[in-house]
Amino acid sequence: GVIVSPTSQMNLRGGYGGTVARPLVRELAPFLNQDFVRRRYTVGNPELKRTVVHNFDLRWEFFPSATEVFAISGFYKIFRSPIENVILDTEGNLTVDNIEGANNYGAELEARVSLGTLLPELHSFDLMANLALIATAGFAALWNLAQLRNASWLEPEPAKAAPAELTPLEQQLRRFGGTHNLA
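Parameters at a glance
Residues numbered from 1 in each chain as written. Predicted model: local features only at pLDDT ≥ 70, side-chain atom pairs only at ≥ 80, totals over all residues. Heavy atoms only, no water. Helix = DSSP H or I, 4+ residues; strand = E, 2+ residues; numbered from the N terminus. Buried < 20%, exposed > 50% of the residue type's maximum accessible area, 1.4 Å probe, protein only. Contact = heavy atoms within 4.5 Å. Phe/Tyr/Trp six-rings, centres within 6.5 Å; stacked < 30°, edge-to-face > 60°.

Student: How would you explain the environment of Tyr105 if you had to name every residue and give the values?
Tutor: Summarising the element assignment, Tyr105 is placed in strand β9 (residues 101-114). Overall, Tyr105 belongs to the partly exposed group, its relative accessible area being 38%. Those residues within four positions of Tyr105 in sequence are excluded, and the remaining contacts are Phe75, Tyr76, Leu133, Ile134 and Ala135.

Here's what the structure looks like:
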């Protein structure tokens, strides 16, 4: 990052950072995980890609005293291939998949003032406030659920093939020996 100090009481900061977010093992494993609280299943997706994140930020800081600050910040994040939940069926069962991208942006206001300016006896106490306004926009590639339902990692093993009228989740349950009724 870069810091410019136009005065001894003021800073202007700008920065960039790049990060990656790798899928969790349970998100990659093509197995059924039961969510007992929400009474649904989640199936992992071994075809997930890592998410690449680009972070940009700009911050203005003003220091009226050694213990006080007023600051305004702005940030913008670009996510490439973020991992999102995908609903598989009407029961609310889930899998995960990469969407094309998402953007996250916002502003932050911060203030820290000494209460000693109001009453000298309170010089050891500060009042702090922070407000963050954040917006997110995600965009998915144009794909349909039928395409996802035909993914190779959702198909049963050939030796244990299930009837064609079963949903991918029911096929997965049978593949792993489950006898759950999803009707």
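Structure's up, so let's keep going.
Student: Give me the lowdown on unusual backbone geometry, citing residues and values where you can.
Tutor: Of note in the backbone geometry, Arg39 takes a positive phi value of approximately 55 degrees without being a glycine. Topologically, Arg39 is positioned in the loop between β3 (32-35) and β4 (40-43). The exposure class assigned to Arg39 is exposed, which follows from its relative accessible area of 74%. Located in the positive-phi region is Ser81, a residue other than glycine, with phi close to 60 degrees. A relative accessible area of 18% places Ser81 in the buried class.

Student: Tell me about the packing of aromatic side chains, residues and numbers included.
Tutor: Going through the model one piece at a time under the given rule, you end up with three aromatic pairs. Between Tyr16 and Phe56, the ring centres sit 5.1 Å apart and the planes meet at 50 degrees, which makes this aromatic pair tilted. A residue pair is termed long-range when its members are at least 10 positions apart, and Tyr16 in strand β2 (residues 10-21) and Phe56 in strand β5 (residues 51-62) qualify at 40 residues. Relative accessible area serves as the criterion here: at 48%, Tyr16 is assigned to the partly exposed category. Overall, Phe56 belongs to the partly exposed group, its relative accessible area being 37%.

Without other data, these values stay purely geometric and don't point to any function.
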